[in-house]
Amino acid sequence: MPTTPTRAAMRNGSDAGPARDRRAGLLYGLGAYGLWGLLPLYFVTIGIASPLEIVSNRVVWSLLFCALLLTATRSWPQLAVLLRDRGSMLRLSVAAVLIAVNWLTYTYAVLNGHAVEASLGYFINPLVSTALGVLILKERLNRVQWTAMGFGLLAVLVLTFAYGSLPVIALTLAFSFGLYGFVKNRVGRTAGAVTTLSVETAVLALPAAGYMAWILSRDEATVLSSGPTHFWLMAASGIITAVPLLFFGAAARRLPLSTIGTLQYLAPVLQFILALTLLNEEMPVERWIGFSLVWVAIILLTVDMMRRPGIRRRADARAAASARALESEEATAPPH
C-alpha cells in the first residue's frame, strides 16, 4: 500500500534543490577565488617575459578561448545583441581599459617583488567599492561602515610610512578593480560573463596584437623563442583568465551576496601567504600593523554585510505583522 509523504519529507525534498545549488555555488566560489589567489605561481613560471608581453598574450589567447566558448555555449546571438547596444559597448570599453591597467599592474608587482603590496590592493578593494558608492552613487554609510573606512584610511597612512611613499601599486589595483566592478555592474545582468569578457578582450586585442607584432619583429618576444613549454604556458593564459571568471559567474548565481563578499578575501589571503613563503618578500613590523588595520576594516564590513539580510528580514516581518494587524482591526471594526 503506497504511503503518503509526510510534510517534513516534502519539505526536505523541496529544500534539496536549493541546498545542492548552495553547495555547488560554494565549490564554484572557492574554485574562482582559489585560482585567482594562486595566480602569482603562474606568473613566476613565465617570468622571463616582460609584464607587457604577458598581458598582451593574455588578451590575445583569452579572445581565442572566448571564441571557442561562444561557439560551445551557442552564445554568438547574445554577443550580437550586446554589440548593438551602444551604452553597454561604451561601458565595456572603459572596463577593458581598467582591467588592462589592473592586469599590467598586478603582473609587474608579482615579477618585481611587490606581491605583498599587490595582495594589499585586493584587501583594500572592498573599502574602495564602498567609497565609490558614497562619492558616485551618494549612498549613505552606517556607523559600522564609517568606522571601517576610518580604519582603512589609517592603514593607508601607516603603510605610507612603512613603504616610505604611498602604496601606489596597492591603490592602483584597488581603484582599477573597484572602478571595473562599478562599470561592469552598469552593463546589466543580461550580459553574461563570456560575452562581456569577449567584448573586453576584443577591445584590447588590436593594441595587444600590435605590440606582439612589434616585439616579434625586433626579436624581443619570448613566446616563440623560449621553447615549447614556455609557448604553451603563455597560450594557457586564455584558459587561466576565463575559467575563474566562469566559476565566479556560476557562484554568483547560486550564493547570497554576503557569502560572495566573504569568499572574495580568499584570493588576497593566498597571495599574501605565497608572497611571504615562496616569494620570500619582507614584512617588517610597521607593515604588519598596517595590514592588521586593513583586516579590522574588512572584518567590520563583512559583519555589517552579513547582518544586513537579517535586519531586512526582521523589518519585513514587522511590516507584514503590522499589515495583518491593521487588516484584522478593519475586519472587526463596526461599519460607519
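Residues numbered from 1 in each chain as written. Predicted model: local features only at pLDDT ≥ 70, side-chain atom pairs only at ≥ 80, totals over all residues. Heavy atoms only, no water.

1. Notes on a nonpolar patch on the surface
A surface patch of nonpolar side chains, amounting to about 280 Å² of accessible area, comprises L26, L27 and L30. One can find L27 in helix α1 (residues 7–37). (Patch = residues over 30% accessible without salt bridge, like charges linked within 9 Å, V, L, I, M, F, W, Y side chains within 5 Å. Areas by Shrake-Rupley, 256 points an atom, 1.4 Å probe, with all protein chains shown as cover. Salt bridge = Lys/Arg side-chain N within 4 Å of Asp/Glu carboxyl O. Helix = DSSP H or I, 4+ residues; strand = E, 2+ residues; numbered from the N terminus.)

2. Examining the packing of aromatic side chains
Summed over all chains, the structure comprises 19 aromatic pairs. Consider the rings of F123 and F291, whose centres lie 6.4 Å apart with planes at 85°: the pair is edge-to-face. Within this pair, whereas F123 is found in helix α6 (residues 115–135), its partner F291 is found in helix α14 (residues 285–332), the two being separated by 168 residues in sequence. According to the relative accessible area criterion, F123 is buried, its value standing at 3%. Arranged with centres 5.0 Å apart and planes meeting at 80°, the rings of F231 and W232 form a pair that is edge-to-face. An aromatic cluster of at least three residues, connected via ring pairs, comprises Y42, F43, Y106, Y122, F177 and Y180. (Phe/Tyr/Trp six-rings, centres within 6.5 Å; stacked < 30°, edge-to-face > 60°. Buried < 20%, exposed > 50% of the residue type's maximum accessible area, 1.4 Å probe, protein only.)

3. Section: the packing of α6 against helix α8 (residues 168–185)
In contact at an axis separation of 7 Å, α6 and α8 are set at 45° when each is read in the N-to-C sense. Compared by their axis directions, α6 and α8 come out oblique. You can see that α6 and α8 cross each other, and the crossing is right-handed. Where α6 abuts α8, its residues E117, A118, L120, G121, Y122, I124, N125, V128, S129 and L132 lie against V168, I169, A170, L173, A174, F175, F177, G178 and L179. Partitioning the contact of α6 with α8 into residue classes produces 14 nonpolar, 4 polar and 1 charged. (Axes fitted to C-alpha atoms, helices over the stretch in contact; angles between N-to-C directions. Parallel < 35°, antiparallel > 145°, perpendicular 65-115°, else oblique. Left-handed = near helix turned anticlockwise from the far one by under 90°. Contact = heavy atoms within 4.5 Å. Nonpolar A, V, L, I, M, F, W, Y, C, P; charged D, E, K, R; others polar.)

4. A short note on the packing of helix α3 (residues 51–72) against helix α9 (residues 193–217)
Packing of α3 against α9 brings their axes to within 7 Å, and their N-to-C directions diverge by 135°. When the interaxial angle is binned, α3 and α9 end up oblique. The hand of the α3/α9 crossing is left-handed. A per-class count over the contact of α3 with α9 returns 17 nonpolar, 6 polar and 1 charged.

5. Describing the side chain of E281
Its place among the elements puts E281 in the loop between α13 (266–277) and α14. Within the buried set, E281 has no salt-bridge partner at all; the shortest N-O distance to an opposite charge, 5.6 Å, is to R287. Within the structure, E281 has its side chain in polar contact with the backbone nitrogen of H114 (distance 3.2 Å). Apart from the residues lying within four places of it in its own chain, the contact partners of E281 are G113, H114, A115, V116, A275 and L276. (Lys, Arg positive; Asp, Glu negative; His and termini not counted. Polar contact = N/O pair within 3.5 Å; in protein donor to acceptor, adjacent residues only side chain to side chain.)

6. Describing the environment of P284
Locating P284 in the fold gives a position in the loop between α13 and α14. A sequence separation of 122 residues divides P284 from A162, and the C-alpha atoms of the two residues are 8.2 Å apart.

7. A few points about helix α5 (residues 86–111)
Under the 1.5 Å per step criterion, the end-to-end length of α5 is 37 Å for 26 residues, consistent within 8% with the ideal 38 Å. Residue G113 follows α5 closely and has a positive phi angle near 75°. (Expected span 1.5 Å × (residues − 1).)

8. Details of the nonpolar core
Counting 21 residues, the largest nonpolar core has V116, L120, F123, I124, F272, F291 and V294 as its most contacted members. Among the secondary structure elements, those contributing two or more residues to this core are α6, α7 (143–163), α8, α13 and α14. Counting residues per element, this core draws most heavily on α6, at 7 residues. Discounting chain neighbours no more than four positions away, the residues touching F123 are Y265, P268, V269, F272, F291, V294, W295 and I298. Ranked by size, the runner-up nonpolar core spans 18 residues in total, among them Y42, Y106, I169 and M234. (Core = buried A, V, L, I, M, F, W, Y, C linked by side-chain atoms within 4.5 Å.)

9. Concerning the layout of surface pockets
Space inside the second largest pocket adds up to approximately 250 Å³. Taken together, I124, L127, V128, A131, M149, G152, L153, V156, L171 and F175 make up the full set of residues lining the second largest pocket. Class assignment for the residues of the lining of the second largest pocket results in 9 nonpolar, 1 polar and no charged. (1 Å grid on protein atoms, 1.4 Å probe; cavity = no way out; pocket = protein on both sides within 12 Å on 5 of 7 lines; lining within 4 Å. Points joined across faces, edges and corners; volume = space filled by probe spheres on them.)

10. Points about the pattern of salt bridges
All told, the structure shown has 1 salt bridge when counted by the stated rule. A salt bridge links R218 to E220; the nearest nitrogen and oxygen atoms lie 3.0 Å apart.

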